[in-house]
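Read off the chains here:
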Amino acid sequence: MPDPRFFAVAGPFALAEIAEAVGALLAAGADPAKTLSDVAPLGQAGPEHLSFLDNRKYVEAFATCRAGACIAPAALADRAPPDVAILTSEAPYKSYALAAALFYPVSAPAPGVHPAVVGEGCRIEAGAVIEAGARLGARCLIGANVTIGTAVEIGEDTRIAAGASLSHCIVGARVSIFPGVRIGQEGFGFAVDKSGHVRVPQLGRVLIEDDVEIGANTTIDRGAGPDTVIGQGCCIDNLVQIAHNVRIGRGTMIAAQSGVAGSARIGDFVQIAGQVGVLGHLTVGDGVQLVGQSGIIRDIEPGETYAGTPAVPIRQWHRQTAQLARLARGRASPE
Amino acid sequence: MPDPRFFAVAGPFALAEIAEAVGALLAAGADPAKTLSDVAPLGQAGPEHLSFLDNRKYVEAFATCRAGACIAPAALADRAPPDVAILTSEAPYKSYALAAALFYPVSAPAPGVHPAVVGEGCRIEAGAVIEAGARLGARCLIGANVTIGTAVEIGEDTRIAAGASLSHCIVGARVSIFPGVRIGQEGFGFAVDKSGHVRVPQLGRVLIEDDVEIGANTTIDRGAGPDTVIGQGCCIDNLVQIAHNVRIGRGTMIAAQSGVAGSARIGDFVQIAGQVGVLGHLTVGDGVQLVGQSGIIRDIEPGETYAGTPAVPIRQWHRQTAQLARLARGRASPE
Amino acid sequence: MPDPRFFAVAGPFALAEIAEAVGALLAAGADPAKTLSDVAPLGQAGPEHLSFLDNRKYVEAFATCRAGACIAPAALADRAPPDVAILTSEAPYKSYALAAALFYPVSAPAPGVHPAVVGEGCRIEAGAVIEAGARLGARCLIGANVTIGTAVEIGEDTRIAAGASLSHCIVGARVSIFPGVRIGQEGFGFAVDKSGHVRVPQLGRVLIEDDVEIGANTTIDRGAGPDTVIGQGCCIDNLVQIAHNVRIGRGTMIAAQSGVAGSARIGDFVQIAGQVGVLGHLTVGDGVQLVGQSGIIRDIEPGETYAGTPAVPIRQWHRQTAQLARLARGRASPE
């Protein structure tokens, strides 16, 4: 459930209101007057929550969920537990996006100049802005022209360099954030259909554990519902992209200009070289090594080394490149 | 013709002055005393403008142009309409660069501290700088430490997050600009020859249409003469590069770390995955889908799906990767 | 030796203290009471300096070095000149990292708000922060919300656009730095072993020579000990990564989203297209051209043109792609 420090929930809303707002229909047995107070992922939803099923991959979770109501395709409605009210939709993810926007409306900004609040016992350099409700641990260094958003929490001895901006995040101790880093902005989440795309409210946070280092101009988006998590002791280089819902284990190193797409899971002590791309929703095991510029499109077992696009085990990649060179020579021989 | 809100034109200049300044020669029949007031692309130039022909691809436009004068290679001079004065040059693009710099000199900055002007009816957070002449529509949110450059125009309900900077651009309504975005800086334009490279003045703007979203630390350069245009409803992710003169249609989505090189045309509802590169001066048709890390080096017809570097139709790419794997296995079999 | 304007040295320290702090052993003949005043690379170290040997590649330099003491693997200790005291370590690079941290401790920031100092004769826009000791040449333009770090030096007629941040660097004349550029932050340097990674203090600078242009949101890390150098007249596009210790010659052009890894040497008038990756410690000769998205994993001779990942001479790359297409067609023929 979204962190109330960062997100203000509206509602409660009755099922009938919700169904109308999201273009869904009440399935047989759903009480139009039943009210719900929030949205939540299938795994975390309770009786007061609205959840959704969009991907067959999650039918198991759907069949055992404890949500008060769930948006689902009509064809799968009968898989729900008896006490879960179903809202059927031809585009469940789009309907969820509209429901989330109903519960978490974008508040029109009030006019006026926002006051900056200086934290205690820290060094705050010129032009830094600490927004209301932010909390800085002891001995933090906040560089010039940094922006710390509302309610952000930062641990002891953390250093944030010039021009970085943080929002919707909880940062640990002894973290080093380099200049121009962007943490906590909305993830790239849209429900797409022929009528165009609908923005999916991004209601999670970014959790940066202790002793992490984040390189210059790197971007880390907040989660869509779950959080984006950077594990203890990770070292991330410059210009890296970490998308929403990504979870990275302890001590993983990611070199410059690599990108990890949404909801990917990266293990502990993984080594990712530069300009690597990891597709969304994949799992990369502990201790994996990824060669520069590789493109990861499948799960990778712990300890493996992969290279190429699409990435293959490194010995296969070496054979492929050798074979290609051989072919090219053969082709060239008549010259 | 450059937007006078962003660019101050010098001149007028006589053909003789121009020829001397740009290392060109007056062709037979060109009146040295004829004066010109500005530079313009072939297609838009009128009798008061200086244009140029550098690429044979544009000989048609040259042959029908209405420019007062044109810089061109001697070998093509006779293709010009009779009333167009010709300045012949061995390096027409370099000569144009020098001419554009003559008409649009870089003004030495006046000493002093620039005043910030706060727009009306908007929320302007701490440390934001709104330069003179900028205009913000109703209900805009300008985040902390944002910089809005001189004469920039922004539509209603647009939100610009912390640390972003905009110049030389016109932004629509309901646009969401994420932290650290850079819009309107000079494009990467140089006239290169053995003697080194000459900076080509970048005299266009960036036009961001309504309902666009631009991700964190993404960069969008202003046009060289034409504008850079991001169409209505486009969604651009983090760390994307959009070069000068690029035109993107409506509803196109571009995932993180992709780049579109100069003067490329991207259609409507194109879907570009992460870390894709599109070469300059190409056309990517409506509804095209580009797989992650692909490198586009040719025009692509509407509706196609391409993958790989150099990119090929996705079915061919699947066959290529299957064949490579087969070759590698064959090679490995003796082991 | 680190520039005292940017780095405050502690010490001197006795060999015995150092050995204990870095997990090394004094080799036979090393005087525990001998004191050293600083750390330095093998090639530059004098009698008062501590240096290290980690890579067999540098055994020659080790055998002729003039360092007062050197951290080295026990197996290579006998290769040192007789008057060089040896500290043996199973992880020399990690031991060096700890030694460098001993000589250059991170000073806990003093509480308080840092004053901004406005340079003379320059235009400083709103929100710009010029830290103590920074020196700006005549007629510089410092954009809004820029941060110029302590002791940074900038030459005449240099322009720094909105939101950029510079530290630990010396910048020449007529340099153009675009919005959001990050110069001088610590390089991505760690001594890695099974027990995790140790941060290696980054004690070098960034030297930007005259007439350089650096694109929006590009990142240039400072050296680890040597400096990172961008040669006269280089043009670097947006979102480019230049790692620590990289040296780039004169007039080289690097297009958007390319990255050069640590300690690589790039020659004069090299042309690097977009999204290229250059591996660390390589040498790319003068006048080389690198095709977009190529991955450079070997040294390249002057004047060559390379493409592909791993990059090969462009004619070979064309043959390889042609052969792949042929294979794919063959495979498809039965259809």
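Every chain begins its residue count from 1, and numbering advances along the sequence as written. For this description, chains carry letters from A and ligands carry numbers from 1, given in the order in which they are written. Local features are withheld for residues below a pLDDT of 70 in this predicted model, meaning they are given only at 70 or higher, and side-chain atom pairs are given and counted only at 80 or more; totals for whole chains, interfaces and linings count all residues. Water and hydrogen atoms were dropped before computing side-chain values, which therefore reflect all heavy atoms in the structure.

- If you check an unreviewed UniProt entry, chain A appears there as UDP-3-O-acylglucosamine N-acyltransferase from Geodia barretti.

Let's talk about the overall build of chain A
- Counting its regular elements, chain A contains four helices and 38 strands.
- Each of the three principal axes of chain A carries a C-alpha extent, and together these read 75 × 60 × 35 Å.
- Contacts: residue pairs with any heavy atoms within 4.5 Å of one another. Pairs at least 24 apart in sequence give 24% of the contacts found in chain A among residues at least 6 apart.
- For the accessible areas, the method is Shrake-Rupley and the probe is 1.4 Å, while residue cover comes only from the protein chains on display. Accessible surface for chain A amounts to roughly 12,800 Å². Of this, 55% is attributable to carbon and sulfur atoms. Secondary structure elements follow DSSP: runs of H or I no shorter than four residues count as helices, runs of E no shorter than two count as strands, and numbering proceeds from the N terminus.

Quick notes on the sheet that holds strand β36 (residues 295-296) of chain C
All names here are of chain C.
- Should DSSP find at least two bridges between two strands, the strands are taken to pair. Reading across from one edge, β10-β13-β16-β19-β24-β27-β30-β33-β36 is the order of the nine strands in this open sheet, with parallel pairing throughout. Pairing within the sheet leaves two strands with one partner each, and these edge strands are β10 (129-130) and β36.
- Sheet topology note: the strand β27 (residues 241-242)/strand β30 (residues 259-260) ladder contains two bridges and is parallel. Within the sheet, the bridge partner assigned to Ile 242 lies in β30 and is Val 260.

Describing the packing of helix α1 (residues 15-22) of chain B against helix α3 (residues 92-103) of chain B
Residues and elements named next belong to chain B.
- For helices, the axis comes from a line fit to the C-alpha atoms of the stretch in contact; other axes are also lines fit to C-alpha atoms, and the angle between any two N-to-C directions lies between 0 and 180 degrees. Direction vectors running N to C along α1 and α3 enclose 120 degrees, while the axes themselves pass 8 Å from each other. Judged by the inter-axis angle, α1 sits oblique to α3. Note that α1 runs across α3; the crossing there is right-handed. Touching Ile 18, Ala 21 and Val 22 of α1 are Ser 95, Leu 98, Ala 99, Leu 102 and Phe 103, all from α3. Here the angle decides the label: under 35 degrees means roughly parallel, over 145 means roughly antiparallel, 65 to 115 means roughly perpendicular, and every other value means oblique. What makes a crossing left-handed is the near helix being turned counterclockwise from the far one by less than a right angle; a clockwise turn instead makes it right-handed.

Side note on the interface of chain B and chain C
- Contact residues are listed per partner, giving 51 residues for chain B and 43 residues for chain C.
- When chain B packs against chain C, the two sides together hide about 3,500 Å² of surface, and 58% of this comes from carbon and sulfur.
- We define a salt bridge as a contact between a side-chain nitrogen of Lys or Arg and a carboxyl oxygen of Asp or Glu at a distance within 4 Å. Across the contact surface, chain B and chain C share one salt bridge.
- Residue Arg 199 of chain B is joined to Glu 213 of chain C by a salt bridge in which the shortest nitrogen-to-oxygen separation is 2.5 Å.
- In the analysis that follows, any N or O atom pair within 3.5 Å is treated as a polar contact, provided that within protein one partner can donate a hydrogen and the other can accept it, and provided that, for residues neighboring in sequence, both atoms belong to side chains. Summed over the shared surface of chain B and chain C, the result is 22 residue pairs in polar contact (both at pLDDT 80 or more).
- Going through the elements one at a time, β8 (112-113), β20 (190-193), β21 (196-199) and α4 (314-332) of chain B are the ones with two or more residues in the side of chain B that touches chain C.
- In terms of residues, the side of chain B that touches chain C owes the most to one element, α4 of chain B, which gives eight residues. By buried area we mean how much accessible surface two parts lose on assembly, using a 1.4 Å probe and totalling the loss over both.

Here's the deal with the sheet that holds strand β13 (residues 147-148) of chain B
Residue and element names in this part refer to chain B.
- The strand order β10-β13-β16-β19-β24-β27-β30-β33-β36 describes an open sheet built from nine strands, whose pairing is parallel. The strands lining the two open edges of the sheet, one partner per strand, are β10 (129-130) and β36 (295-296).
- Two strands pair when backbone bridges link them, and strand β33 (residues 277-278) and β36 are joined in this way by two bridges, in the parallel orientation. Opposite Gly 277, over in β36, you have Gly 295 as the bridge partner.

Overview of the packing of aromatic side chains
- What counts as a ring pair is set by centres within 6.5 Å for rings of Phe, Tyr and Trp (its six-membered ring), and what kind of pair is set by the plane angle: stacked under 30 degrees, edge-to-face over 60, tilted for all other angles. What the rule picks out here adds up to 15 aromatic pairs over all chains.
- Each ring, one from Phe 13 of chain B and one from Phe 103 of chain B, has its centre 5.0 Å from the other, and the planes form 85 degrees; the classification is edge-to-face. Highlighted residues: Phe 13 of chain B in strand β1 (residues 13-14) and Phe 103 of chain B in helix α3, separated in sequence by 90 residues.
- A simple rule labels every residue: compare its accessible area, found with a 1.4 Å probe on the protein chains alone, to the largest value its type can have, and call it buried under 20%, exposed over 50%, or partly exposed in between. Using a relative accessible area of 0% as the deciding quantity, one classes Phe 103 of chain B as buried.
- Cluster of aromatic residues (ring-pair linked, three or more members): Phe 52, Tyr 93 and Tyr 96 of chain A.
- Here, a charge over a ring means that NZ of Lys or CZ of Arg falls within 6 Å of the ring centre while also lying within 35 degrees of the ring normal. We note Arg 199 of chain A situated over the ring of Phe 190 of chain A; from NZ or CZ to the ring centre the distance is 4.6 Å.

Comments concerning the relation of the copies chain A and chain B
- In superposing the copies, a least-squares fit is computed on C-alpha atoms, taking residues whose pLDDT is at least 70 in both. Taken as rigid bodies, chain A and chain B are interconverted by a rotation of 120 degrees and an axial shift of 0.0 Å, the fit giving an RMSD of 0.0 Å. On the angle and the small slide along the axis, the relation comes out as a three-fold axis.
- A share of only 20% of the interface residues of chain A reappears at the interface of chain B, consistent with the copies meeting through non-equivalent patches.

Quick notes on unusual backbone geometry
- Following Gly 11 of chain A, the chain continues to Pro 12 of chain A via a peptide bond in cis, the omega torsion being 5 degrees.
- Position of Pro 12 of chain A among the secondary structure elements: in the segment before β1 (13-14).
- Even without being a glycine, Ala 151 of chain B presents a positive backbone phi close to 70 degrees.
- Along the chain, the position of Ala 151 of chain B falls in the loop between β13 and β14 (153-154).

With respect to the relation of the copies chain B and chain C
- Here chain B sits on chain C after a turn of 120 degrees about the axis and a move of 0.0 Å along it, with an RMSD of 0.0 Å.
- Looking at the interface residues of chain B, only 20% of them are also at the interface in chain C, so each copy uses its own face.

Here's the deal with the pattern of salt bridges
- Applying the stated criterion to the full structure yields 39 salt bridges over all chains.
- Among the salt bridges present, the one from Asp 3 of chain B reaches Arg 205 of chain B, with a minimum N-O distance of 3.1 Å. Residue Asp 3 of chain B is located in the segment before β1, and its partner Arg 205 of chain B is located in the loop between β21 and β22 (206-208); the two are separated by 202 residues in the primary sequence.
- A salt bridge links Asp 227 of chain B to Arg 205 of chain B; the shortest N-O distance between them is 2.7 Å. Pair noted here: Asp 227 of chain B is in the loop between β24 (219-220) and β25 (228-230) and Arg 205 of chain B is in the loop between β21 and β22, with a separation of 22 residues, a long-range link.
- Where salt bridges share partners, they join Asp 3, Arg 5, Arg 135, Glu 153, Arg 205 and Asp 227 of chain A into one cluster.

Notes on the interface of chain A and chain B
- Contacts between the two partners involve 51 residues from chain A, matched on the other side by 43 residues from chain B.
- Note on chain A versus chain B: buried area summed over both sides is about 3,500 Å², and carbon and sulfur give 58% of it.
- Inspection of the chain A/chain B interface yields one salt bridge.
- Summed over the shared surface of chain A and chain B, the result is 22 residue pairs in polar contact (both at pLDDT 80 or more).
- Sort the elements by how many residues they give to the side of chain A that touches chain B and helix α4 (residues 314-332) of chain A lands first, with eight residues.
- Taken together, the residues of the side of chain A that touches chain B break down into 17 nonpolar, 26 polar and eight charged. Residue classes follow a fixed rule: Ala, Val, Leu, Ile, Met, Phe, Trp, Tyr, Cys and Pro count as nonpolar, while Asp, Glu, Lys and Arg count as charged, and any other residue, Gly among them, counts as polar.

Quick notes on α3 of chain B
- What a helix should span is 1.5 Å times the count of its residues minus one. Helix length check: α3 of chain B, at twelve residues, gives a terminal C-alpha distance of 16 Å against a target of 16 Å (1.5 Å per residue), a fit within 8%.
- Among all positions in α3 of chain B, only Pro 92, Ser 95, Tyr 96, Ala 97, Ala 99, Ala 100 and Phe 103 of chain B are buried.

Examining the confidence of the model for chain A
Residue and element names in this part refer to chain A.
- A residue's pLDDT is simply how confident the predictor is in it, with values from 0 to 100. Mean pLDDT for chain A: 91, with 94% of residues reaching 70 or above.
- Low pLDDT, under 50, characterises residues 331-335; the stretch is placed with six contacts to residues that sit more than four places away or in other chains.
- In the model output, the complex is listed with pTM 0.92 alongside ipTM 0.91.

A look at the side chain of Ser 95 of chain C
Residues and elements named next belong to chain C.
- Among the secondary structure elements, Ser 95 is positioned in helix α3 (residues 92-103).
- A distance of 2.9 Å separates the side chain of Ser 95 from the backbone oxygen of Val 22, its partner in a polar contact.
- Setting aside its immediate chain neighbours within four residues, Ser 95 contacts Val 22, Gly 23, Ile 71 and Ser 89.

Observations concerning helix α1 (residues 15-22) of chain C
Residues and elements named next belong to chain C.
- Looking at α1, one finds that the buried residues are Leu 15, Ile 18, Ala 19 and Val 22. Projected down its long axis, α1 shows its buried positions confined to an angular sector of 100 degrees, all on one face.
- Residue Gly 23 follows α1 closely and has a positive phi angle near 70 degrees. Summarising the geometry, the arc corresponds to the directions from the helix axis toward the C-beta atoms.

Concerning the state of the cysteines
All names here are of chain B.
- A pair of cysteine sulfur atoms is labelled a disulfide when the two atoms are within 2.5 Å. The final tally for this structure, using the stated rule, is zero disulfides over all chains.
- With no disulfide partner, Cys 122 has as its closest neighbouring cysteine sulfur the one in Cys 140, 4.4 Å distant.
- What makes Cys 122 buried here is its relative accessible area of 6%.
- Cysteine Cys 234 is unpaired, with the sulfur of Cys 235 as its nearest cysteine sulfur at 7.4 Å.
- Look at Cys 234 and you get buried, because its relative accessible area is 1%.

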